[in-house]
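Structural characterization, general
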Amino acid sequence: QPVEWQVLDVKDGKALVISKYGLINHVYNKEHTRVTWETCTLRKWLNDTFIKDIFSAEEMKAVTLSDVSADKNSIYNTNQGNDTKDKLFLLSIKEVKQYFVSDEKRLCKPTEYAVYHGAYDLNCGYGWWWLRSVLAGGYFAANVGSHGSVSYDGAYLDHYMGSVRPAFWLNL
């Protein structure tokens with residue numbers, strides 16, 4: 001199925017886009033151990049495996065290798081690790097609040113594929129989706145809940161019911 005993308009920002013000849021739906025469910029990290037975005041298994045999977053499944057070789061040329069900031073979390077003083085360079089990434093708490101200014105705008109439906117494989121799907125059709133910010137000493141990751149609010153309690157890293165909404169900078 002083609003992926004539908006939502007444009008969040010345009011600057012310097014590039015557009016920041018995010019998937020309109022929670023494309024797939026995936027754990028943030030395979031083991032319940034302290035991690036950051038830099039060290040989690042979801043980051044590696046997005047940029048090594050998943051990217052090849054959703055983009056052709058020609059399309060891949062327009063996906064920019066981007067500087068991804070290890071934004072500090074305003075609630076927890078958890079080590080966010082180092083900045084990274086990624087083609088695909090998840091939004092941070094700071095970015096999700098910047099680009100989605102209300103709970104209503106943050107609502108996200110998981111795809112049928114994601115639900116079939118275990119993604120959480122509230123009766124109204126909305127699910128929760130991962131953010132890259134880590135919480136509580138690096139044992140939890142932030143997410144946007146099924147009602148659109150940012151969860152500062154987060155979810156266990158090895159929780160499989162969270163949807164993934166990849167974001168990237170597209171070279172225009």
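As a reminder, the structure under discussion sits directly above these lines.
A brief report on the enclosed structure follows. Quantities reported herein were computed from a predicted structural model and do not represent experimental measurements.

**With respect to empty space enclosed by the protein**
The full count for this structure, using the stated rule, is one cavity of 30 Å³ or more. Roughly 70 Å³ of volume is contained in the largest cavity. In terms of residue count, the dominant contributor to the lining of the largest cavity is strand β6 (residues 129-135) (three residues). Residue classes in the lining of the largest cavity are distributed as four nonpolar, six polar and four charged.

**Considerations on the environment of Tyr139**
Within the fold, Tyr139 resides in the loop between β6 and β7 (140-144). As for Tyr139 and Glu31, which are separated by 108 residues in sequence, their C-alpha atoms are 9.8 Å apart. Once you skip the residues sitting within four places of it in the chain, Tyr139 turns out to touch His32, Thr33, Arg34, Ala155, Tyr156 and Leu157. A polar side-chain atom of Tyr139 sits 3.5 Å from a polar atom in the side chain of Arg34.

**Focus on the side chain of Asn29**
Tracing the backbone through its elements, the reader meets Asn29 in the loop between β3 (24-25) and α1 (41-54). On the basis of relative accessible area, Asn29 is assigned to the buried category, the value being 5%. A polar atom in the side chain of Asn29 sits 2.9 Å from the backbone oxygen of Glu31. Dropping the residues within four chain positions of it, Asn29 is found in contact with Val35, Thr39, Cys40, Thr41, Leu157 and Asp158.

**Points about the pattern of salt bridges**
According to the stated counting rule, one finds eight salt bridges in the structure shown. The shortest N-O distance in the salt bridge between Glu58 and Lys61 comes to 3.3 Å. The burial state of Glu58 is the same as that of Lys61; both residues are exposed. Notably, a salt bridge pairs Asp71 with Arg132, separated by 3.6 Å at the nearest N-O pair. Within this pair, whereas Asp71 is found in the loop between β4 (66-68) and β5 (84-86), its partner Arg132 is found in strand β6, the two being separated by 61 residues in sequence. By the burial criterion, Asp71 is buried, and Arg132 matches it. Each of Asp71, Glu95 and Arg132 takes part in a single network of salt bridges with overlapping partners.

What counts and how
Residues numbered from 1 in each chain as written. Predicted model: local features only at pLDDT ≥ 70, side-chain atom pairs only at ≥ 80, totals over all residues. Heavy atoms only, no water. 1 Å grid on protein atoms, 1.4 Å probe; cavity = no way out; pocket = protein on both sides within 12 Å on 5 of 7 lines; lining within 4 Å. Points joined across faces, edges and corners; volume = space filled by probe spheres on them. Helix = DSSP H or I, 4+ residues; strand = E, 2+ residues; numbered from the N terminus. Nonpolar A, V, L, I, M, F, W, Y, C, P; charged D, E, K, R; others polar. Contact = heavy atoms within 4.5 Å. Polar contact = N/O pair within 3.5 Å; in protein donor to acceptor, adjacent residues only side chain to side chain. Buried < 20%, exposed > 50% of the residue type's maximum accessible area, 1.4 Å probe, protein only. Salt bridge = Lys/Arg side-chain N within 4 Å of Asp/Glu carboxyl O.

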